Amino acid sequence: MTDTSPLGCVVSDGVAAQPVLMFDSGIGGLTVLREARVLMPGRRFVYVADDAAFPYGAWEEPALKDHILSLFAGLLERYRPSISVIACNTASTLVIDALRQAFPGHPFVGTVPAIKPAAERTRSGIVSVLATPGTVRRQYTRDLIETWARKCHVRLVGSDRLAGLAEAYMRDGFVDEEAVRAEIAPCFIERDGASTDIVVLACTHYPFLVNRMRKTAPWPVDWIDPAEAIARRAVSLLDGLEAGRAHEALPGERNDVAVFTSGKAGFATRRLMQGFGLTVT
Ligand code: DGL
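In this text, all values refer to a predicted model and were calculated from it rather than measured experimentally.

A.B. asks: Sorry, what's going on with empty space enclosed by the protein here?
C.D. replies: Unfilled space is identified by rolling a water-sized probe across the atoms. Scanning all chains against the criterion turns up 1 cavity of 30 Å³ or more. In terms of lining, the largest cavity is formed by 14 residues, of which the most central are Ser25, Cys88, Thr90, Thr132 and Cys203.

A.B. asks: So what exactly am I meant to see when it comes to the nonpolar core here?
C.D. replies: Most often, soluble globular proteins keep nonpolar side chains buried together rather than apart. Counting residues in hydrophobic clusters, the biggest one holds 30 residues, and the most contacted among them are Met22, Leu30, Ile83, Val85, Met273 and Leu278. Among the secondary structure elements, those contributing two or more residues to this core are β3 (20–24), α1 (30–39), β4 (45–49), β5 (83–86), α10 (227–242), β13 (257–260) and α11 (267–275). Per-element accounting of this core gives the leading share, 6 residues, to α10. Contact partners of valine 85, with chain neighbours within four places excluded, come to Val20, Leu21, Met22, Phe23, Val32, Val109, Ile230 and Ala234. Tyr56, Leu75, Ile86 and Ala91 belong to the second-largest nonpolar core, a separate cluster that totals 25 residues.

A.B. asks: Explanation requested: helix α7 (residues 162–172) in the structure shown.
C.D. replies: Every α-helix winds through 3.6 residues per turn, so residues three or four apart in the chain are directed the same way. Within the span of α7, buried status applies to Leu162, Ala163, Leu165, Ala166, Glu167 and Tyr169. The elements touched by buried residues of α7 are β7 (126–131), α8 (177–184) and α9 (210–216). Downstream of α7 by a residue or two, glycine 173 has a phi angle that is positive, lying close to 80 degrees.

A.B. asks: Sorry, what's going on with the site of the ligand here?
C.D. replies: Taken together, 14 residues sit near the ligand, with Ser25, Tyr56, Thr90, Thr204 and His205 positioned nearest. Judged by the proximity of its atoms to the pocket grid, the ligand belongs to the largest cavity. The residue inventory of the shell around the ligand, partitioned by class, reads 6 nonpolar, 7 polar and 1 charged.

A.B. asks: Whenever I open this one, helix α6 (residues 139–148) confuses me. Can you help?
C.D. replies: Where α6 is concerned, the buried positions are Thr141, Leu144 and Ile145. For α6, the arc enclosing every buried residue in end-on projection is 95 degrees, short of the 170-degree limit, so these residues lie on one face. Of the exposed residues in α6, the ones pointing more than 90 degrees away from its buried face are Gln139 and Thr147.

A.B. asks: What's the story with the packing of helix α2 (residues 61–79) against helix α3 (residues 89–102) in this structure? I'm lost.
C.D. replies: Packed helix pairs are characterised by how far apart their axes lie and by the angle those axes make with each other. For the pair α2 and α3, interaxial distance at closest approach is 10 Å and the crossing angle is 45 degrees. By the angle between their directions, the pair α2 and α3 is classed as oblique. Between α2 and α3 the crossing geometry is right-handed. Between α2 and α3, the residues in contact are Glu61, Leu64, Lys65, Ile68, Leu69 and Phe72 and Ala91, Leu94, Val95, Ala98, Leu99 and Ala102, respectively. Of the residues contributing to the contact of α2 with α3, the split by class is 10 nonpolar, no polar and 2 charged.

A.B. asks: Where do I start with the layout of surface pockets in this structure?
C.D. replies: One number sums up the size of the largest pocket: a volume of about 410 Å³. If you go around the largest pocket, you meet 23 residues; those closest to its centre are Gly110, Thr111, Val112, Ala229 and Ile230. Within the residue set of the lining of the largest pocket, elements represented by two or more residues are α3, β6 (108–109), α4 (115–121), α6 and α10. Looking at which element gives the most residues to the lining of the largest pocket, the answer is α10, with 5 residues. Split into classes, the residues belonging to the lining of the largest pocket amount to 15 nonpolar, 2 polar and 6 charged.

A.B. asks: Explain the packing of aromatic side chains to me, please; I cannot follow it from the model alone.
C.D. replies: The geometry of an aromatic ring pair comes down to the distance between the two centres and the angle between the two planes. Enumeration over the complete set of coordinates arrives at 7 aromatic pairs. Centroid distance phenylalanine 72 to phenylalanine 108: 5.6 Å. Interplanar angle 65 degrees. Geometry classified as edge-to-face. Placement of the pair is phenylalanine 72 in helix α2 and phenylalanine 108 in strand β6, with a sequence separation of 36 residues. Between the aromatic rings of phenylalanine 208 and phenylalanine 276, the centroid separation amounts to 6.3 Å while the plane-to-plane angle is 80 degrees, which identifies the pairing as edge-to-face. Here the residue phenylalanine 208 occupies a position in the loop between β11 (198–201) and α9, and phenylalanine 276 occupies one in the loop between α11 and β14 (279–280), the gap between them amounting to 68 residues. For phenylalanine 208, a relative accessible area of 9% translates into the label buried.

A.B. asks: What is the right way to read the sheet that holds β7 from this model?
C.D. replies: To summarise the sheet geometry, strands pair through backbone hydrogen bonds and adopt either a parallel or an antiparallel arrangement. With respect to topology, 4 strands assemble into an open sheet ordered β8-β7-β11-β12, the strand pairing being parallel. Since the sheet does not close on itself, it has two edges, and those belong to β8 (153–158) and β12 (222–224), each with one partner. Along the sheet, successive strands turn relative to each other by an average axial angle of 20 degrees, direction set aside. Pairing of β7 with β8 involves 6 bridges; the strand directions are parallel. Each bridged residue has a counterpart across the sheet, and for leucine 130 the counterpart in β8 is valine 157.

A.B. asks: I keep staring at the pattern of salt bridges and nothing clicks. Help me out?
C.D. replies: One pass over the structure, following the stated rule, counts 11 salt bridges. Linking glutamate 177 and lysine 215 is a salt bridge whose minimum nitrogen-to-oxygen distance equals 3.0 Å. Here the residue glutamate 177 occupies a position in helix α8, and lysine 215 occupies one in helix α9, the gap between them amounting to 38 residues. A relative accessible area of 22% places glutamate 177 in the partly exposed class. Judged by relative accessible area, which is 56%, lysine 215 ranks as exposed. One salt bridge connects arginine 232 with glutamate 228, and the closest N-O pair in it is separated by 2.9 Å. Within this pair, arginine 232 and its partner glutamate 228 are both found in helix α10, separated by 4 residues, close to a single helical turn. Taken together, the shared-partner salt bridges in this structure form one network comprising Glu177, Arg212 and Lys215.

Rules of the game
Residues numbered from 1 in each chain as written. Predicted model: local features only at pLDDT ≥ 70, side-chain atom pairs only at ≥ 80, totals over all residues. Heavy atoms only, no water. 1 Å grid on protein atoms, 1.4 Å probe; cavity = no way out; pocket = protein on both sides within 12 Å on 5 of 7 lines; lining within 4 Å. Points joined across faces, edges and corners; volume = space filled by probe spheres on them. Core = buried A, V, L, I, M, F, W, Y, C linked by side-chain atoms within 4.5 Å. Buried < 20%, exposed > 50% of the residue type's maximum accessible area, 1.4 Å probe, protein only. Helix = DSSP H or I, 4+ residues; strand = E, 2+ residues; numbered from the N terminus. Contact = heavy atoms within 4.5 Å. Near = heavy atom within 4 Å. Sits in = over half its atoms within 2 Å of the grid points. Nonpolar A, V, L, I, M, F, W, Y, C, P; charged D, E, K, R; others polar. Arc of directions from axis to C-beta. Axes fitted to C-alpha atoms, helices over the stretch in contact; angles between N-to-C directions. Parallel < 35°, antiparallel > 145°, perpendicular 65-115°, else oblique. Left-handed = near helix turned anticlockwise from the far one by under 90°. Phe/Tyr/Trp six-rings, centres within 6.5 Å; stacked < 30°, edge-to-face > 60°. Pairing = 2+ DSSP bridges. Salt bridge = Lys/Arg side-chain N within 4 Å of Asp/Glu carboxyl O.

None of this, on its own, says anything about what the molecule does.
Below you can see the structure in the form of structure tokens.
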């Protein structure tokens with residue numbers, strides 16, 4: 001059975017017909033989308049940027065939670081995705097459990113600070129978590145440290161500016177390197193003759209700036225970007241859900257779309273999305 005969806009895409013009973021919904025407050029989730037597309041070339045994606053509410057990092061928790069829950073009710077109804085990937089640490093650390101409770105039939109993949117792999121990999125025992133002020137404040141983040149990194153010294157660094165700098169960089173191609181240097185500086189600490197050797201990029205926007213971070217860092221460190229791990233988690237979840245069901249043939253055209261909640265994506269944004277193979281609806 002086939003039908004035409006409001007997106008103008010062919011919808012059928014096959015498993016590839018249902019898109020994967022990728023969600024962020026802005027363009028940061030594209031760092032996860034690019035990995036997901038490599039691992040799932042036959043999937044359709046709907047990328048949702050809640051730009052009307054950007055930046056999430058500055059929101060009060062109860063208001064942001066209500067906002068995301070009500071937004072998702074509409075998104076699930078409209079796009080009927082197979083799974084949703086919350087490609088945003090600031091959202092996941094606040095609302096992933098509430099989303100699973102509110103929409104029990106729908107699978108969600110979350111994005112939370114990669115504190116466990118950092119604790120496993122560090123040699124110096126000093127790790128920094130670079131995130132939005134919201135993610136740094138979350139109990140979820142504190143619990144991750146308590147559970148996985150008790151033996152490490154973990155510094156939480158909340159940045160007010162980096163997500164916005166990454167947005168501007170991706171749209172305009174320019175970033176103020178001195179601003180990047182200032183934002184990452186608190187990540188670098190020395191104690192008892194040891195120094196930070198890992199910085200966890202705990203905001204999906206930050207991998208876009210990692211080359212500038214490398215350039216302006218006071219010494220070399222490992223920068224952990226969890227995008228590939230998140231994409232792999234989505235693949236294994238989908239494989240489990242679809243075991244035994246027939247796959248659709250690859251569509252000739254992908255028809256992947258990007259949705260901006262403000263409804264006001266400008267020329268630079270549309271061009272950026274086009275570069276990622278997305279058409280702004
Ligand atoms: N990309 C988001 C994250 O991973 C947050 C950016 C923001 O809205 O402040 O945390």
